[in-house]
Amino acid sequence: FNRRSVDEMEKHIEAVWNERVSREPWLFNGAKFRLHAAELSTTLKDTSKPYCNTSHQAATPTLTRETAKGGTQHGDHAASDLMPPRRVEREGASLAEIHTPGVNAECEKNDSASETTETLRKDLSTLSSKTTPKPPDMLLRLQLGLTSYKDFLGTNWSREAADLQRRGEVEFGDPQTFLAQPLGVGAVLVTSDGYVVLLRRSRRVAEAAGLLDIPGGHPEPKAVCQGVCEEAISINLLKGCERAVVAEIFSSVCVEVRDEVNVPLGYLSSPALMGIALNRTSAGRPSAEFYIRCSLSMEEVKDFYWRGGPEAHESTDIVFLSRAEMLQLDENASLWSELCPSAKGAVLLYQL
C-alpha cells in the first residue's frame, strides 16, 4: 500500500525537499507509516474469520461523510474531515488489525457519561436478551504502507497536490494514490479534574506554526525495525510484525504526550481510538485521534509542562479547556480560528 510513483514526481519531491531544508536546516527526513485505507468489519465470537455483516447496521453504526455533514461537520472547516470507514468482505489484505471493544473499556470506565450509558445498556440487554442477538465485535483493519516526511512535503504539502489528486482519480480511481498520506496520531488528553490539554505550537515547526493543537506526532516504523537505519526500512522487514505495528500506533500517542507535555507514562490511561480525521489543508492527510485520561489535575499537568520535556521546543504555551467548552466549540467560537486542522478533527470526534 505504498504510494504510486512516476519519474517527474520524484524529481519534484527532491526539489521541494532541497529548497525546504535550505531555508529550515533543522528539518530531517524519516520513515512513516502510510495509511491507504481504514475499514470496519465484524467478527464472530467463535471464530477469528472476519465477515461483512450488512444486517446489523442499526446495532453497529458506521460514520459516513453524509452523517458528518448533517450537523456535526463544522465550517472551514474544509480544514478537516472525518474518514468514513468502509465495510469489507475480503480478508488478508491488511498490515494491521485492531479489535476495538477492549481498547475503549479501560479509558472510559471512569467517565460518568459512559457509566450512565453502560447502565442503560445493561438494562436494555436484560429486557431484550431473549429476542435480540448480541451484536458481533467490530474489527478495524488498517491498510498500511511506508512513506517519509520528505515525500509528504513533496506531495500532500506541495502546490502540486491538487493536480496529483486529479491524476490519481483519472488514472486509478483513487485521488490519494500518488500522495504520501503519512499516518499521524493525536491525543485528546483529559485531566483528573476534567480539562482537555491544548498546546500552542512553536513558530519554528513546519506546519500550523503558532496555532493551538492537541499533543501528537507519528508512529515510527523505526520503533518496529529496531537497529535498522531509516533508509533501509522496507515493507519486507515489516511483514510478520503486524502486532508490533499495532502496538506502535497505540503506544506512540502516549509517548508523544510524555515528550510534548512532559507527563510520565504512568499517569496515562490506555488510549482509546476515537476515529480518523482527514486534514484537507494537506490534501487529506490522515491522523488517528485518541482519547486518553490522565490521573493528574490541571495544575499538576501545568507544573510538569513548564519543567520542560524532550520536545518542549515544539510548543510555547499550554492551554486547558473544560468539557463544556470542548462540547460547545465550533466555527462560531473565537477559539476555533486558533486551532490547527488536526485539532479541529479531534474536537469533532470527541464531540461525536
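Everything below is about the structure shown above.
Residues numbered from 1 in each chain as written. Predicted model: local features only at pLDDT ≥ 70, side-chain atom pairs only at ≥ 80, totals over all residues. Heavy atoms only, no water.

Engineer: Looking at this model, I keep getting lost on the pattern of salt bridges. Mind explaining?
Structural biologist: Close approach of charged atoms allows side chains of opposite charge to pair. Tallied over the full model, the rule gives 17 salt bridges. Across the salt bridge formed by Lys32 and Glu220, the nearest N and O atoms sit 3.1 Å from each other. Taken together, the residues Lys32 in strand 1 (residues 31-43) and Glu220 in the loop between strand 10 (216-217) and helix 7 (221-224) connect sequence positions 188 residues apart. For the pair formed by Lys32 and Glu220, the shared burial category is buried. Where Arg201 meets Asp213, a salt bridge forms, and the shortest distance between an N and an O atom there is 3.4 Å. Taken together, the residues Arg201 in strand 8 (residues 195-201) and Asp213 in strand 9 (residues 212-213) connect sequence positions 12 residues apart. Among the charged side chains, a salt-bridge network with shared partners connects Glu19, Arg20, Arg23 and Glu24. (Salt bridge = Lys/Arg side-chain N within 4 Å of Asp/Glu carboxyl O. Helix = DSSP H or I, 4+ residues; strand = E, 2+ residues; numbered from the N terminus. Buried < 20%, exposed > 50% of the residue type's maximum accessible area, 1.4 Å probe, protein only.)

Engineer: Is there a simple way to explain the state of the cysteines in this structure?
Structural biologist: In a disulfide, the sulfur atoms of two cysteines are held together by a covalent bond. As enumerated under the stated definition, the model contains 0 disulfides in all. Not part of a disulfide, Cys225 finds its nearest cysteine sulfur in Cys241, a span of 6.2 Å. (Disulfide = S-S within 2.5 Å.)

Engineer: Help me understand the pairing of strand 11 (residues 272-279) in this model?
Structural biologist: Strand residues, when the strand is regular, have side chains that alternate between the two faces of the sheet. For strand 11, the buried fraction is high: 6 of the 8 residues fall into the buried class. Pairing geometry for strand 11 and strand 12 (residues 285-293), over 7 bridges, is antiparallel. In the strand pairing of strand 12, Ala272 is matched with Tyr291. (Pairing = 2+ DSSP bridges.)

Engineer: I would appreciate a short explanation of helix 1 (residues 7-23) in the present structure.
Structural biologist: Each turn of an α-helix holds 3.6 residues, which means side chains three or four residues apart point in the same direction. Compared with the 24 Å implied by 1.5 Å per residue over 17 residues, the 25 Å span of helix 1 between its first and last C-alpha is a close match. Looking only at helix 1, the buried set comprises Met9, His12, Ile13, Val16, Trp17 and Arg20. Viewed end-on, helix 1 has its buried residues packed into an arc of 130°, placing them on one side of the element. Those residues of helix 1 that are exposed and aimed more than 90 degrees away from the buried face are Asp7, Lys11 and Ser22. (Expected span 1.5 Å × (residues − 1). Arc of directions from axis to C-beta.)

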